[in-house]
Amino acid sequence: MLQLKGTWRSHLESEFKKSYFEKLDRFIRAEYESNSCYPPIEQVFNAFEHCPFEAVKVVILGQDPYHGAGQANGLCFSVNEGMPHPPSLKNIFKELESDLNLPYPFSGDLCSWASQGVLLLNATLSVRAKEAGSHQKQGWEEFTNQVIKTLSSKKSNIIFLLWGSFAKTKIKLIDTQKHTILESGHPSPMSANRGYWFGNKHFSKTNAVLESWGATPIQWG
């Protein structure tokens, strides 16, 4: 069975016993046995492995892993070291440059963000090669919705960055009295080039909020 380790498991234990997750587990194992799928099955829960429950300060929500060979590493918007940067990640880094006056990052691997308390969570945690959305509506969304609900109910003072219309649908899962929501358009070229992404200053705004709470800001660069 798919295994989630560490403190996350204790908070989500009940989900693994539900029929939807048992069905999801069977589906995922069959998919990985019969097709090329991403990320590698041992990295499906990488977002949680790199950002323990107690460490979460910021949540960035994505929708689906990259479906090209060697790209996805289990963190939303992130790609493996040495891989070309996909268009959305390029625009994220361009905003980072502009907002914080930082050099454009060489690596597209966002593990350094995760290790500082940024949960980089896709709604769907796996995908068949070259078939975007192929693992949607199999149970992943129910599981990741529960992750958001659990963070919202059990923790306080998390900053949720909701980029694009899909991410914004998740606001109903979040207690906005306890947490901070920052919204903008999606960093994809279609949205960014129409003026809905660039200039949102989410990186500096996030750090300003963290500092107002007495928390350590994120080193984004």
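Because the structure is predicted, anything quoted here is derived from the model rather than measured.

Caption draft 1: Expanded view of the nonpolar core. One finds Phe-45, Trp-113, Leu-119 and Phe-143 to be the most contacted residues of the largest nonpolar core, which totals 67 residues. In terms of residues, this core owes the most to one element, helix α2 (residues 19–34), which gives 6 residues. Leaving out residues up to four positions away in the same chain, Phe-143 has contacts with Leu-4, Leu-12, Glu-15, Phe-16, Tyr-20, Phe-21, Phe-45, Phe-48 and Leu-125.

Caption draft 2: Structural view of unusual backbone geometry. With omega at -10°, the peptide bond leading from Tyr-38 into Pro-39 counts as cis. Here Pro-39 shows up in the loop between β1 (37–38) and α3 (46–50). Its identity is not glycine, yet Asn-101 carries a phi of approximately 55°, on the positive side. Examined against the element boundaries, Asn-101 turns out to sit in the loop between α4 (87–100) and α5 (111–114).

Caption draft 3: Broad picture of the side chain of Asn-73. Take Asn-73: it is sitting in the loop between β2 (58–62) and α4. Exposure remark for Asn-73: the relative accessible area of 3% places this residue in the buried category. A polar contact of 3.0 Å, which involves the side chain of Asn-73, links it to the side chain of Ser-78.

Caption draft 4: Here's a closer look at the packing of α2 against helix α6 (residues 140–154). Close contact between α2 and α6 brings their axes to 9 Å; oriented N to C, the two are set at 125°. Taken together, α2 and α6 sit at an angle that is classed as oblique. Considering the relative orientation of α2 and α6, their crossing is left-handed. Across the interface between the two elements, Tyr-20, Phe-21, Leu-24 and Ile-28 from α2 touch Trp-140, Glu-142 and Phe-143 from α6. When grouped by side-chain class, the residues that make up the contact of α2 with α6 number 6 nonpolar, no polar and 1 charged.

About the cut-offs
- Residues numbered from 1 in each chain as written.
- Predicted model: local features only at pLDDT ≥ 70, side-chain atom pairs only at ≥ 80, totals over all residues.
- Heavy atoms only, no water.
- Core = buried A, V, L, I, M, F, W, Y, C linked by side-chain atoms within 4.5 Å.
- Buried < 20%, exposed > 50% of the residue type's maximum accessible area, 1.4 Å probe, protein only.
- Helix = DSSP H or I, 4+ residues; strand = E, 2+ residues; numbered from the N terminus.
- Contact = heavy atoms within 4.5 Å.
- Polar contact = N/O pair within 3.5 Å; in protein donor to acceptor, adjacent residues only side chain to side chain.
- Axes fitted to C-alpha atoms, helices over the stretch in contact; angles between N-to-C directions.
- Parallel < 35°, antiparallel > 145°, perpendicular 65-115°, else oblique.
- Left-handed = near helix turned anticlockwise from the far one by under 90°.
- Nonpolar A, V, L, I, M, F, W, Y, C, P; charged D, E, K, R; others polar.

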